[in-house]
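Structure at a glance
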Amino acid sequence: MLTLIRNDALNPDCRYFLYRVPFNINKSFYSLAAIVKEQMQMDPLSKDVSIFLNNRCIQIKVLVWQGDKFAIFRKTGGRYFRTARFLHDQRHSNCL
């Protein structure tokens, strides 16, 4: 089983948001912050954690503001990452 972060490492003060449109996983933090601001309509400088999946759901990227800089965490899955059924839509049809 692949885990991005340990369960006890999740910060209860943060909110976690999944960007549900497949995107190019090679985007920089500038591009990811622009997606958060313009398409997700959120503040990229907040404590919120933004989660991105590539179009085949085999790579995941996490963007978080750490007070003075962005941090990006990236993980490649062996097969694919699964999303919960209630998060499913046509854009990530191969992630179930």
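Residues numbered from 1 in each chain as written. Predicted model: local features only at pLDDT ≥ 70, side-chain atom pairs only at ≥ 80, totals over all residues. Heavy atoms only, no water.

Comments concerning the confidence of the model for the chain
Heads up, the condition is: Every residue gets a pLDDT, meaning the predictor's confidence in that residue, from 0 to 100. Under the scheme used here, helices are H or I runs from DSSP no shorter than 4 residues and strands are E runs no shorter than 2 residues, and both carry numbers assigned from the N terminus. In this description, contact between two residues means that some pair of their heavy atoms is separated by no more than 4.5 Å.
The predicted model of the chain has a mean per-residue pLDDT of 76, with 69% of residues at 70 or higher. Here strand 1 (residues 16-23) stands out as the element of the chain with the lowest mean pLDDT, 85, in contrast to helix 1 (residues 29-39), whose mean of 92 is the highest. Below pLDDT 50 for its whole length, residues 1-8 participates in nine contacts with residues either more than four positions away or in separate chains. Here residues 86-96 scores under 50 on pLDDT; set against residues more than four positions off or in separate chains, the count is 30 contacts.

Thoughts on the environment of Asn-55
By the secondary structure assignment, Asn-55 is in the loop between strand 2 (49-54) and strand 3 (59-65). Between the alpha carbons of Asn-55 and Arg-20 there is a distance of 9.9 Å; along the sequence they are 35 residues apart.

Comments concerning the pattern of salt bridges
Counted only if it meets this: Salt bridge criterion: a side-chain nitrogen from Lys or Arg within 4 Å of a carboxyl oxygen from Asp or Glu.
Summed over the entire model, instances satisfying the criterion amount to two salt bridges. Of the charged contacts, one joins Asp-48 and Arg-15 as a salt bridge, the two residues approaching to 2.9 Å between their closest N and O atoms. Note that Asp-48 is positioned in the loop between helix 1 and strand 2 and Arg-15 in the segment before strand 1, a separation of 33 residues in sequence. In this structure, Lys-69 engages Asp-68 in a salt bridge whose closest nitrogen and oxygen atoms are separated by 3.5 Å.

Details of a nonpolar patch on the surface
Keep this limit in mind: Patch definition: residues with relative accessible area over 30% and no salt bridge; like charges joined within 9 Å; nonpolar side chains (Val, Leu, Ile, Met, Phe, Trp, Tyr) joined within 5 Å. Using the Shrake-Rupley algorithm and a 1.4 Å probe, accessible areas are obtained, with residue cover drawn only from the displayed protein chains. Summary of the burial criterion: residues with accessible area below 20% of their type's maximum are buried, those above 50% are exposed, and those between are partly exposed, where the area comes from a 1.4 Å probe applied to protein chains only.
On the surface, a cluster of nonpolar side chains totalling about 300 Å² of accessible area is made up of Phe-29, Tyr-30 and Ile-72. Secondary-structure assignment places Tyr-30 in helix 1. The exposure class assigned to Tyr-30 is exposed, which follows from its relative accessible area of 62%.

Things to note about helix 1
Put simply, the test is: Each direction from the helix axis to a C-beta atom contributes to the arc, which is the arc of those directions.
Inspection of helix 1 places Leu-32, Ala-33, Ile-35 and Val-36 among the buried residues, and these make up the whole buried set. Taken around the axis of helix 1, the buried residues stretch over an arc of 155°, which confines them to a single face. Away from its buried face, by an angle of more than 90 degrees, helix 1 presents the exposed residues Tyr-30, Lys-37, Glu-38 and Gln-39. Close packing links the buried residues of helix 1 with strand 1, strand 2, strand 3 and strand 4 (70-76). Phi turns positive one or two residues past the end of helix 1, at Gln-41, with a value near 55°.

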